Each structure stands twice: as C-alpha cells, then as structure tokens.
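The lines below spell out each chain.
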Amino acid sequence: MTDQHGELDAALERVIDAARHHLAAVRAAQGRIDDDDVWQAYLALNNASFAYDEQLLDAFGEVTPWDVEAIDPEVGDQRLGADGEEPTDPHPRIVSVRQRRDYRVPSVSALIRVAEAARRESTPAEDEAEPVEGVGEAVLELLQSGDGSLGALDVPELEPLDGVVMVSEVGTPVDLESFDDDDAVGPFQPAADDRLVGRLDEHPFMELDEEHDHAH
C-alpha cells in the first residue's frame, strides 16, 4: 500500500507539473492559434491527468472529475508537421457559392430616394453626391454603401422574390482579371470539372394576413 501511495503522489505531481507547463506555454503563446508548444503541453497534461485518474481508480475505486482519454503522442504529433508547420493537404478543396435573388420594386421613386440618401452619407462633405439614375444603380449603391452582402437590400423599398443558392466544389478559383467588367456570364459559368454539391431554393416569407387571404 505504501508503494501504491507513493505512485499516486508521483502521478499527482506529474499532473501539477504538466499543468504549470501548460499555463506557461499558453501565456507565452499570447493567443497564437495552433501554437505547437501549447499543443505539446496540452498533450502532456491530458495524458498525465488520464494516468492519475486510472491509478486512483485502481487503488481506491475513485475517479477525478476529469473526463479525458489518453492521446497517443505519435498520433497527436500528426496534427502538426515535423517542423511545427501545418501539413499540406494532399486533397485541397475549393468551394464556390453562387447566389441569385430577385426583387420587385413597388415604387421606383422611393427606391431611388433611399439610394440617394445612402450615397449622400458616404460622400465627403466637401463633395456633391451625384444623382442615382435607375433602379439598377440604386440597388448597386445600396450594396456598396452597406456591407456588400444581400442583407444590405433588406429594405422596405425592395420586395424579395424567389432566390437560389448553389454550392459547388471547383478545381480552380475564379480569376476576375480574365473577365471584362461588363461580362455578366463568365464569372458565374460553371467549368466542366465543377461538381454541384447542392442547391437551396429561397422563398420569401409571407405576411400572416397574406397567408390568411390565400387560405380562403
């Protein structure tokens, strides 16, 4: 029993030492992602904790609150390359997301007014904002003055219609320099080796009273 107590004490000391080394590595990393020293210290702390838990169970039938499993150091080292660099992915993937959403314009003048207001806000005070000409330019202005996503078009002046999102795995990323600025097809044209993963159809939500009317 004395030897068993000594082995438990030694196992506990290894946990304490490993925890100190882990804390020191975390502090030294200063928030760096995938730091190799932090990972190695984590690995040592994990396995020291697992060993202590196993010895405590064998000796007294008790366990710690640590729910850990042993990690093979050789398997764990495969997380990073031998020099600490991320291993090269032998099967790189490029994912392409193509989205279309259509809108109805209930009032052209109202849409142009809200676009001109957005343009004035983004125009320096010493300059005069140019007028917005047409609904297409108005929509483009809302996108440019917003965050660039379709969420910038969630305004009362545009009524969303159906839309579609297509996700594909592609072999080559888009090269925008190879297309003219007025090319409306080229950047969206799938290549022969593209693989369509799936398509999501978007339908606008109907107002409750509109749903009620349709039900009758």
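For the structure itself, look to the data block above.
So, a few notes on the structure that sits alongside this text. Only a predicted model underlies this, so the values are computations on that prediction, with no experimental measurement involved.

1. Focus: the overall build of the protein chain
Within the protein chain one finds six helices and three strands. Element order for the protein chain, N to C, with α for helix and β for strand: α-α-α-β-α-α-β-β-α. Counting all 216 residues of the protein chain, 21% fall into the buried class. Taking all contacts inside the protein chain whose residues are at least 6 apart in sequence as the whole, residues at least 24 apart take part in 66%.

2. Thoughts on the side chain of serine 49
Following the sequence through the fold, serine 49 ends up in helix 2 (residues 36–60). Since its relative accessible area comes to 8%, serine 49 is described here as buried. If sequence neighbours within four positions are ignored, serine 49 has contacts with Val15, Trp66 and Val68.

3. Focus: the layout of surface pockets
Take a probe with the size of a water molecule and roll it over the atoms, and the empty space left behind shows itself. Here the largest pocket defines a volume of roughly 460 Å³. In terms of lining residues, the largest pocket is bounded by 14 residues, among which Gln99, Val139, Leu143, Leu150 and Phe188 are the most central. When contributions to the lining of the largest pocket are tallied by element, the ones reaching two or more residues are strand 1 (94–104) and helix 5 (135–145). Among the elements that take part in the lining of the largest pocket, helix 5 stands out by supplying five residues, more than any other. Tallied by class, the residues present in the lining of the largest pocket amount to ten nonpolar, two polar and two charged.

4. Observations regarding the nonpolar core
Counting residues in each nonpolar core, the largest one holds eleven residues, listed as Tyr103, Leu111, Ile112, Ala115, Ala118, Val132, Ala138, Leu142, Leu153, Val155 and Leu158. The set of elements that each furnish at least two residues to this core consists of helix 4 (108–122) and helix 5. Sort the elements by how many residues they give to this core and helix 4 lands first, with four residues. If sequence neighbours within four positions are ignored, alanine 115 has contacts with Val132, Ala138, Glu141 and Leu142. Ala11, Ala18, Ala48 and Leu56 belong to the second-largest nonpolar core, a separate cluster that totals nine residues.

5. A few points about the packing of aromatic side chains
Both the distance between ring centres and the angle between the ring planes are used here to describe each pair of aromatic rings. As enumerated under the stated definition, the model contains two aromatic pairs in all. With centroids separated by 5.7 Å and ring planes inclined at 20 degrees, the aromatic side chains of tryptophan 39 and tyrosine 42 adopt a geometry described as stacked. Pair noted here: tryptophan 39 and tyrosine 42 are both in helix 2, with a separation of three residues, about one helical turn. When its relative accessible area of 37% is taken as the criterion, tyrosine 42 is described as partly exposed. Ring plane angle 45 degrees and centroid distance 6.0 Å describe the contact between tyrosine 52 and tryptophan 66, whose orientation is recorded as tilted.

6. Notes on the packing of helix 4 against helix 5
The N-to-C vectors of helix 4 and helix 5 enclose an angle of 40 degrees; their axes lie 9 Å apart at closest approach. Helix 5 is crossed by helix 4, and the crossing has left-handed handedness. Across from Val108, Leu111, Ile112, Val114, Ala115, Ala118, Arg119 and Ser122 in helix 4, the residues of helix 5 making contact are Val135, Glu137, Ala138, Val139, Glu141, Leu142 and Ser145. Residue composition of the contact of helix 4 with helix 5, grouped by class: ten nonpolar, two polar and three charged.

7. Observations concerning unusual backbone geometry
Located in the positive-phi region is glutamine 30, a residue other than glycine, with phi close to 50 degrees. Examined against the element boundaries, glutamine 30 turns out to sit in the loop between helix 1 (2–29) and helix 2. Classification of glutamine 30 by relative accessible area gives exposed; the value is 69%.

8. With respect to helix 5
Listing the buried residues of helix 5 in full gives Ala138, Glu141 and Leu142. For helix 5, the buried positions fall inside an angular range of 100 degrees around the axis, keeping them on one side. Turning to helix 5, the residues buried within the fold contact helix 4.

The rules behind these values
- Residues numbered from 1 in each chain as written.
- Predicted model: local features only at pLDDT ≥ 70, side-chain atom pairs only at ≥ 80, totals over all residues.
- Heavy atoms only, no water.
- Helix = DSSP H or I, 4+ residues; strand = E, 2+ residues; numbered from the N terminus.
- Buried < 20%, exposed > 50% of the residue type's maximum accessible area, 1.4 Å probe, protein only.
- Contact = heavy atoms within 4.5 Å.
- 1 Å grid on protein atoms, 1.4 Å probe; cavity = no way out; pocket = protein on both sides within 12 Å on 5 of 7 lines; lining within 4 Å.
- Points joined across faces, edges and corners; volume = space filled by probe spheres on them.
- Nonpolar A, V, L, I, M, F, W, Y, C, P; charged D, E, K, R; others polar.
- Core = buried A, V, L, I, M, F, W, Y, C linked by side-chain atoms within 4.5 Å.
- Phe/Tyr/Trp six-rings, centres within 6.5 Å; stacked < 30°, edge-to-face > 60°.
- Axes fitted to C-alpha atoms, helices over the stretch in contact; angles between N-to-C directions.
- Left-handed = near helix turned anticlockwise from the far one by under 90°.
- Arc of directions from axis to C-beta.

These values are about where atoms sit, not about what they do.
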